[in-house]
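In case you want the letters, here they are:
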Amino acid sequence: GFAEAAPSPFPPTSFVTPPPPLVRERGHPQRKDEPRMNIALMSHDHKKELMVQFCIAYCGILCKHNLCATGITGKYISEATGLKIERLLSGAHGGAQQITSRVAYNEIDLLIYFRDTSKDIVFDEEEYNLLRMCDVYNIPFATNIATAEVLVTALESGGLDWREIVNPKSDYNR
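Now for a look at the structure at hand. Along each chain, residues carry numbers from 1 onward, in the same order as the chain's sequence is written. Given that the model is predicted, a residue must reach a pLDDT of at least 70 before its local features are reported, and side-chain atom pairs must reach 80 or more before they are shown or counted; all residues, however, enter totals for whole chains, interfaces and linings. Values shown for side chains rest on all heavy atoms present in the structure; no hydrogens or waters enter the calculation.

Per the convention used, a helix needs a DSSP run of H or I reaching at least four residues, while a strand needs a run of E reaching at least two, with both numbered from the N terminus. Across its full length, the protein holds seven helices and five strands. Scanning the protein from its N terminus toward the C terminus, one meets helices and strands in the order β-α-α-β-α-β-α-β-α-β-α-α. Whether a residue is buried, partly exposed or exposed follows from its accessible area with a 1.4 Å probe, protein chains only, as a fraction of its type maximum: under 20%, in between, or over 50%, in that order. Of all 174 residues assigned to the protein, the portion counted as buried reaches 37%. By definition, residues are in contact when any of their heavy atoms lie within 4.5 Å. A separation threshold of at least 6 residues defines the contact pool for the protein, and within that pool the share at least 24 residues apart is 66%. In short, Shrake-Rupley with a 1.4 Å probe defines the accessible areas, and a residue's cover is counted only from the protein chains shown. Surface exposure of the protein reaches about 11,000 Å², of which carbon and sulfur atoms provide 55%.

Right, dumping it as structure tokens:
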């Protein structure tokens, strides 16, 4: 048998204040008081169902961040997932321009934009300007589900934490 351990000379309770609880269960730890990423969601009519399915699949990650979406896309996602989404105008009525403006002011950290890829779609200057602004301001963006999954899983594992350096969350930037 083993000998019993001698009683500890220290009191049974600790006077050290524990750190705030972690929000993420795995990957890069994020404290509850840390800023969240600002994620914009957009999709063309033929890709709205795909966007909703994507948001259902990654609801556990997306719920930890600030989401905005163009009108109908935001409505569908919110209804299907219960996620809190700031709904902007519909894409055709200025929602794409609202997101482009937020990108230009560095208020978006990640864009997920599922585009219609059919041959009938003609060149869209608004779409071109949005993606160009993402390139200018180093905003990661996905235009298909494969890239979106890579970005969202990187978001969860801390792979996009460099955005905090580029876009510090201070009262001045809000």
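Counting buried residues along strand S1 (residues 38-43), six of its six residues qualify, which places the element largely inside the surrounding structure. With burial as the criterion, each face of S1 is covered, one bearing Asn38, Ala40 and Met42 and the other bearing Ile39, Leu41 and Ser43. Two strands qualify as a pair provided DSSP detects at least 2 bridges between them. Pairing analysis gives four bridges linking S1 to strand S2 (residues 66-69), with the strands arranged parallel. The residue bridging Ala40 from the neighbouring strand is Cys68, located in S2.

Positive phi, close to 60°, is recorded for Asn106, a residue that is not glycine. In this structure Asn106 comes out as buried when scored by relative accessible area, which is 18%. Positioned with a positive phi, Asn138 is a non-glycine residue whose angle comes to about 55°.

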